[in-house]
Amino acid sequence: MDTTYNVKFWKTGVNEGKRRTTYTVRWELDGREHRKTFVTAALAESHRAGLVSAARKGEAFSLSTGLPVSYISQAAGVTWYDFAVQFVDQLWERTSANNRRNVAKALTPVTIALLRSQPTAFGGVDVRRALREYAFNTLRRDQAPPEVAVILRWVRRNSLSMAAWEDESAVETALRAVERKLDGTPVAASSARRTKRVLNVLFEYAIKKKVLEENPLPKGKGAGTTAAKTSSAVDKRSLLNQEQAAKLLGWVYARPRGGRRLHTFFAAMYYAGARPEEIVAINVGDVRLPAADAEDQWGELMLHIAHPEVGRQWTNTGEVREQRGLKGRAADDTRTVPCRPALTRILRAHIENEGLKPGELLMQGEKGGDLAGSVIRRAWRRARKEVLTSYEFGTPLGRRVYDLRHTCLTNWLNAGVPAATVAEWAGNSVPVLLTTYARCIDGQLDDLKRRIEEAGELGDPARPGAD
């Protein structure tokens, strides 16, 4: 461990801000300044007194953490890389394939930021791929190709210890680094938030294992990240009107190869508002349709399973899609979605044309099995390009397949369906639903204006006695 006895202390600094006053303890080790800020003068003086006492006793100070050796936790005895791998392994069996992938994505840039020196013998893309696809993948780590194994051995040798998280300046440097892509451009705000969530869980695990004494991430809303803010609300420009949706689905229907099958998929999203991973998992037996000659042609879709597409390297089965329960619900929970007459006709024709039986998937690929996400996205992208004008194609209008679900839920709300009912059909909570779609609700303004006027107005002071 690199240590020094050359310590110099400064007076406690007082920082008078607009909202509160803070107090900063400053000291210097071999010419390098260290500091720590406290919310009260008593805490700051207590910390400074402890440092001064350690120096007077002749105790060495760590150059990496800036603290006396006696202050150092077990963090100095384990590298960040080894601990991150340990964290991934203990989490693996308890989390979904999608969460495994997100954890790997979050830990990769952090690991690169906590290297003693940046790699020069390996390409940046290769290092990131080695970490993301192998180091932080419990099932594939031991299967890493020789060239990947060389990179991982180098990363392990050059990884800083967990004690880096006890140094405020190192924490700031790491957090700034993970906000940038390999090309230097900012990462999406959602990625920055995901990384911080993963790190919070990792640090709680580190505290539990007594590797760290406290969570080193800055506290407070938005602390530790300068990434651009994003809104969870749906962009109103992405919603399709009835004419646009009809043209897009009509083009898909007329597609020579698999057009009718894909048309059924997109229609189910547009009319039933289910998530893509829920629609591809629907069993024919879970489609409750009335008889063809029944007067009431409303049916039901019983949703109870989802097949999210995450990649075969993250699933226990080696399949591209993972079988999961419905999002945000217990494993065996179900959700019923109404099937309007237009969708009833489409599903009935699809089941008859494909010769499907109960027990089989409603939406299948050309060779059976799950309908591939790449096929879905490619068909939708082509439909937009062929149907929309060049201007519309460049806008958010229906840019994602998921925008069909957004359009459906917005249509339900605009039709006056209570938010609680829409939330139940959509598989959301009411607060999430309203936060996401409140800006898109339309068509009720005239009625609201009338009701506001009927509540009455103040008398006109220029016309005494007038009502």
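Residues numbered from 1 in each chain as written. Predicted model: local features only at pLDDT ≥ 70, side-chain atom pairs only at ≥ 80, totals over all residues. Heavy atoms only, no water.

Asks: What is the right way to look at the pattern of salt bridges in this model?
Replies: Where charged atoms of side chains with opposite charge meet at close range, the side chains can pair. Summed over the entire model, instances satisfying the criterion amount to 18 salt bridges. Two residues, arginine 377 and glutamate 309, come together in a salt bridge whose shortest N-O distance is 3.3 Å. A residue pair is termed long-range when its members are at least 10 positions apart, and arginine 377 in helix α12 (residues 373–387) and glutamate 309 in the loop between β8 (299–303) and β9 (335–339) qualify at 68 residues. The exposure class assigned to glutamate 309 is partly exposed, which follows from its relative accessible area of 29%. Each member of the salt-bridge network shares a partner with another, and the members are Arg26, Glu33 and Arg35. (Salt bridge = Lys/Arg side-chain N within 4 Å of Asp/Glu carboxyl O. Helix = DSSP H or I, 4+ residues; strand = E, 2+ residues; numbered from the N terminus. Buried < 20%, exposed > 50% of the residue type's maximum accessible area, 1.4 Å probe, protein only.)

Asks: Help me understand the layout of surface pockets in this model?
Replies: Remark: the empty space left among the atoms is shown by a probe the size of a water molecule rolled over them. Here the second largest pocket is characterised by a volume of approximately 1200 Å³. Taken together, 37 residues make up the lining of the second largest pocket; nearest its centre are Lys36, Thr37, Glu168, Glu214 and Pro216. Residue assignment for the lining of the second largest pocket shows that the elements contributing at least two residues are β4 (21–29), β5 (32–38), α1 (41–56) and α6 (168–177). Of the residues forming the lining of the second largest pocket, the biggest block, seven residues, is contributed by β5. Residue classes in the lining of the second largest pocket are distributed as 13 nonpolar, 10 polar and 14 charged. (1 Å grid on protein atoms, 1.4 Å probe; cavity = no way out; pocket = protein on both sides within 12 Å on 5 of 7 lines; lining within 4 Å. Points joined across faces, edges and corners; volume = space filled by probe spheres on them. Nonpolar A, V, L, I, M, F, W, Y, C, P; charged D, E, K, R; others polar.)

Asks: Looking at this structure, how should I read helix α2 (residues 80–92)?
Replies: Residues spaced three or four apart along an α-helix point in a common direction, a consequence of the helix completing one turn every 3.6 residues. In this model, α2 (13 residues) spans 18 Å end to end at C-alpha, consistent with the 18 Å of a helix rising 1.5 Å per residue. Listing the buried residues of α2 in full gives Trp80, Tyr81, Phe83, Ala84, Val85, Phe87, Val88, Leu91 and Trp92. Packed against the buried residues of α2 are α3 (97–113), α4 (124–135), α5 (146–158) and α7 (189–208). (Expected span 1.5 Å × (residues − 1). Contact = heavy atoms within 4.5 Å.)

Asks: What is the right way to look at empty space enclosed by the protein in this model?
Replies: Counted according to the given criterion, the structure contains two cavities of 30 Å³ or more. Roughly 40 Å³ of volume is contained in the second largest cavity. Among the elements of the structure, α2 and α3 are those that each provide at least two residues to the lining of the second largest cavity. Ranked by residue count, the leading element in the lining of the second largest cavity is α2, at three residues. Of the residues contributing to the lining of the second largest cavity, the split by class is four nonpolar, one polar and one charged.

Asks: Looking at this model, I keep getting lost on the side chain of arginine 335. Mind explaining?
Replies: One can find arginine 335 in strand β9. Of the polar contacts made by the side chain of arginine 335, one reaches the side chain of glutamate 278; its length is 2.8 Å. (Polar contact = N/O pair within 3.5 Å; in protein donor to acceptor, adjacent residues only side chain to side chain.)

Asks: Is there a simple way to think about the state of the cysteines in this case?
Replies: Note on terminology: a disulfide is the covalent bond linking the sulfur atoms of two cysteines. The full count for this structure, using the stated rule, is zero disulfides. Its sulfur unpaired, cysteine 339 is 11 Å from the next cysteine sulfur, which belongs to cysteine 408. The structure places no disulfide on cysteine 440, whose sulfur is separated from the nearest cysteine sulfur, that of cysteine 408, by 13 Å. (Disulfide = S-S within 2.5 Å.)

Asks: Explain the packing of aromatic side chains to me, please; I cannot follow it from the model alone.
Replies: Aromatic rings in a pair are described by how distant their centres are and how their planes are angled relative to each other. Applying the stated rule across the entire model yields 11 aromatic pairs. Aromatic side chains tyrosine 270 and tyrosine 271 sit 5.1 Å apart centroid to centroid with 70° between the ring planes, which places their arrangement in the edge-to-face category. One aromatic cluster is present, built from ring pairs that chain together Trp80, Trp165 and Phe203. The residue whose ring lies beneath arginine 140 is tyrosine 134, and the NZ or CZ to ring-centre distance is 4.4 Å. (Phe/Tyr/Trp six-rings, centres within 6.5 Å; stacked < 30°, edge-to-face > 60°. Lys NZ or Arg CZ within 6 Å of the ring centre and 35° of its normal.)

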